[in-house]
Amino acid sequence: MSKPYDPRDRFYKKAKQEGLRARSAFKIEEIAQRAQLFRRGMAVLDLGAAPGGWLQIISRQIGPEGVVVGIDLQPIKGMGPNVRTAVLDIYAPDLRERLRELHDGSYDVVTSDMAPKTTGVKTTDEARSLDLAEHALHLCAELLKPGGSFVAKVFEGGGFEGYLRQVRAAFSKVKLVRPEATRGRSFEIFVVAQGHRPAPPASTP
Ligand SMILES: C[S@@+](CC[C@H](N)C(=O)[O-])C[C@H]1O[C@@H](n2cnc3c(N)ncnc32)[C@H](O)[C@@H]1O
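A short tour of the structure in this document, coming up.

## Concerning the overall build of the chain
Per the secondary structure count, the chain includes six helices and seven strands. From first element to last, N terminus to C terminus, the chain shows the α and β order α-α-β-α-β-β-α-β-α-β-α-β-β. In terms of overall size, the chain behaves like a compact globule, its C-alpha atoms giving a radius of gyration of 17 Å where 205 residues would be expected to give roughly 17 Å. By the burial criterion, 36% of the 205 residues in the chain qualify as buried. Taking contacts inside the chain between residues at least 6 apart in sequence as the whole, the part at least 24 apart equals 64%.

Structure below.
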């Protein structure tokens, strides 16, 4: 049976003690440690980054010579010098231009902890979560370096297997991770993909 939801569980308390903005910081910390995701000097794009828990962990791990760009519908304030943030919707028509203003280059890692506002209707919430994860994957095709890594949160449900097939086609190694800090009753799972294989450009007739 799944654990009952306790909003002030040990991860909440640990986050408070360590000055982290969100308990979700422990999810990316565990994923990063298991997959050896980040190295000093890397460029990282974090989608759905507010209030900034993942940004705090990533910023520390890439060090002052790295850069992490965080975007969200909500503003993110007061991060360190290697963090650049913007209020930006992944569905915005000018997304690419706005991202280029923040970092004019490709990324070593793209992470997405994006989650839709839940409606309580399971199939709707799953479909919206999957759509966000699909948009994140499409961005990888344009912005992630060959060999780069991708992490995306998905509410597991209908369409998930099809999504996994798309991820497997674009990366050489794909794992599913449910970090310890994921709440007992949550349906969320993290797709951790490494070894990006960008599609070859379409040949001209
Ligand atoms: C679970 S929270 C992220 C927590 C964050 N990783 C942290 O550690 O602080 C999910 C975020 O996804 C964002 N989000 C949802 N839809 C989005 C969209 N269309 N574009 C950008 N961000 C979005 C929400 O605003 C919310 O802040």
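## Observations concerning the site of the ligand
In the region of the ligand, 23 residues are neighbours, and A22, G48, G53, I90 and D113 sit closest. If you list the elements that add at least two residues to the shell around the ligand, you get α3 (53–62) and β2 (67–72). Its residues placed into classes, the shell around the ligand shows 14 nonpolar, five polar and four charged.

## Side note on the nonpolar core
Judged by nonpolar contacts, the single largest core of 51 residues is most densely connected at V44, I58, V110, A136 and A152. Of all the secondary structure elements, the ones that give two or more residues to this core are α2 (25–35), β1 (43–47), α3, β2, β4 (107–112), α5 (122–143), β5 (144–155) and β7 (188–196). At seven residues, α5 tops the list of elements feeding residues into this core. Among all residues touching A136, those that are not within four sequence positions of it are L47, V110, S112, M114 and A152.

## Examining the sheet that holds β7
Ordered in space as β3-β2-β1-β4-β5-β7-β6, the seven strands form an open sheet in which the pairing is mixed. Each of the sheet's edge strands pairs with one partner strand only, and the pair in question is β3 (83–87) and β6 (171–177). Adjacent strand axes in the sheet meet at a mean angle of 15° when their direction is disregarded. Of the strands in this sheet, β4, β5, β6 and β7 touch α2, which is tilted by about 35° from β7. Along the sheet, α5 contacts β1, β4, β5 and β7; its crossing angle with β5, the most-contacted strand, is approximately 175°.

Conventions used here
Residues numbered from 1 in each chain as written. Predicted model: local features only at pLDDT ≥ 70, side-chain atom pairs only at ≥ 80, totals over all residues. Helix = DSSP H or I, 4+ residues; strand = E, 2+ residues; numbered from the N terminus. Rg over C-alpha atoms; globule rule 2.2 N^0.38 Å. Buried ≥ 20, exposed ≤ 12 C-beta atoms within 10 Å, placed from the backbone. Contact = placed C-beta atoms within 7 Å. Near = placed C-beta within 6 Å. Nonpolar A, V, L, I, M, F, W, Y, C, P; charged D, E, K, R; others polar. Core = buried A, V, L, I, M, F, W, Y, C linked by C-beta atoms within 7 Å. Pairing = 2+ DSSP bridges. Axes fitted to C-alpha atoms, helices over the stretch in contact; angles between N-to-C directions.

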